[in-house]
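Here are the chains, one letter per residue:
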Amino acid sequence: MRQAGAYSGILSGGGVSGRTGPHLLPLARIKKIMKKSSVDVKMISGEAPLVFSKACELFIEELTKRSWNTTIQGKRRTLHKEDVASAVATTDVFDFLIDLVHPNASGDVDLDEEHVLEKK
C-alpha cells in the first residue's frame, strides 16, 4: 500500500535526483506526447507531466524487475529483449503491450515497427 505523503512529495519536489526536481525523464517530451495523444488535449498543467514522469519511472522499474527475473532464470547476467517479451507475456498487467512485443516464427522477438510508427 502506498504511503500517504509519497504523492505530495513528488509534486513538491521531494525525491533524490541530480537534476532540479524529482523527475528523471524529460518533462518537455512527456508534455509533447500528452498533447499528441488526442486533438482534444489543449492545455496541460505544470504538475501533470511530473505525475506522468513518476508513473513512467515506476512502470520501467516494474517491467525491468520482471524482465530481470527471466534473465536470472535463464542463468544469464544480461537482460535481452526476449526477457522483456517474456515478462510482458506472463504478466496480466502488461497485456496492452502484447501486440507491441511478440515472438516471430523463429522464436525471436520482434518489435512491431508498424505499431510503433503509427503512434508517432
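Note that residues are indexed from 1 along each chain, following the sequence as it is written. Whole-chain, interface and lining totals are the exception, using all residues; otherwise, since this is a predicted model, local features are given only for residues with pLDDT of at least 70 and side-chain atom pairs are given and counted only at 80 or more. Only hydrogens and water are set aside; all other atoms, that is, all heavy atoms of the structure, feed into the side-chain values.

**Focus: the pattern of salt bridges**
Salt-bridge detection follows one rule: a side-chain nitrogen of Lys or Arg within 4 Å of a carboxyl oxygen of Asp or Glu. Within this structure, the stated rule accounts for three salt bridges. Notably, a salt bridge pairs E62 with R66, separated by 2.7 Å at the nearest N-O pair. Placement of both E62 and R66 in helix 3 (residues 47–73) is noted, with a separation of four residues, approximately one turn of the helix. For E62, a relative accessible area of 30% gives the class partly exposed. Here's how the labels work: a residue is buried when its accessible area is under 20% of the maximum for its type, exposed when over 50%, partly exposed in between, all with a 1.4 Å probe on protein chains only. Its relative accessible area of 35% is what places R66 among the partly exposed residues. Here D83 ties to R76 by a salt bridge, and the two come within 2.5 Å at their closest N and O atoms. Taking relative accessible area as the criterion, D83 reaches 2% and is therefore assigned buried. Residue classification places R76 among the partly exposed positions, given a relative accessible area of 28%. Helix and strand assignments follow DSSP, with helices taken as H or I runs no shorter than four residues and strands as E runs no shorter than two, numbered in order from the N terminus.

**As for the packing of aromatic side chains**
Stacked, edge-to-face and tilted are the three classes for Phe, Tyr and Trp ring pairs, Trp counted by its six-membered ring, which pair at centre distances within 6.5 Å; planes under 30 degrees apart are stacked, over 60 edge-to-face, the rest tilted. Tallying each qualifying case throughout the model produces two aromatic pairs. With a centroid separation of 5.6 Å and an interplanar angle of 85 degrees, the aromatic rings of F59 and F94 are classed as edge-to-face. In this pair, F59 is assigned in helix 3 and F94 in the loop between helix 4 (81–90) and strand 1 (101–103), connecting sequence segments 35 residues apart. Of the aromatic side chains, those joined through ring pairs into one cluster are F59, F94 and F96.

**Remarks on the confidence of the model for the protein chain**
Residue-level pLDDT values for the protein chain average 79, and 67% of them are 70 or greater. Known as pLDDT, the predictor's per-residue confidence is scaled from 0 to 100. Mean pLDDT across the elements of the protein chain ranges from a minimum in helix 5 (residues 113–119), with 49, to a maximum in helix 3, with 96. Contact definition: two residues touch when any of their heavy atoms are within 4.5 Å. Note on residues 1–7: pLDDT is under 50 here. Beyond four places in sequence and across chains, it has one contact. For the stretch residues 14–19, pLDDT sits under 50, and the model shows nine contacts to residues farther than four places along the chain or on other chains.

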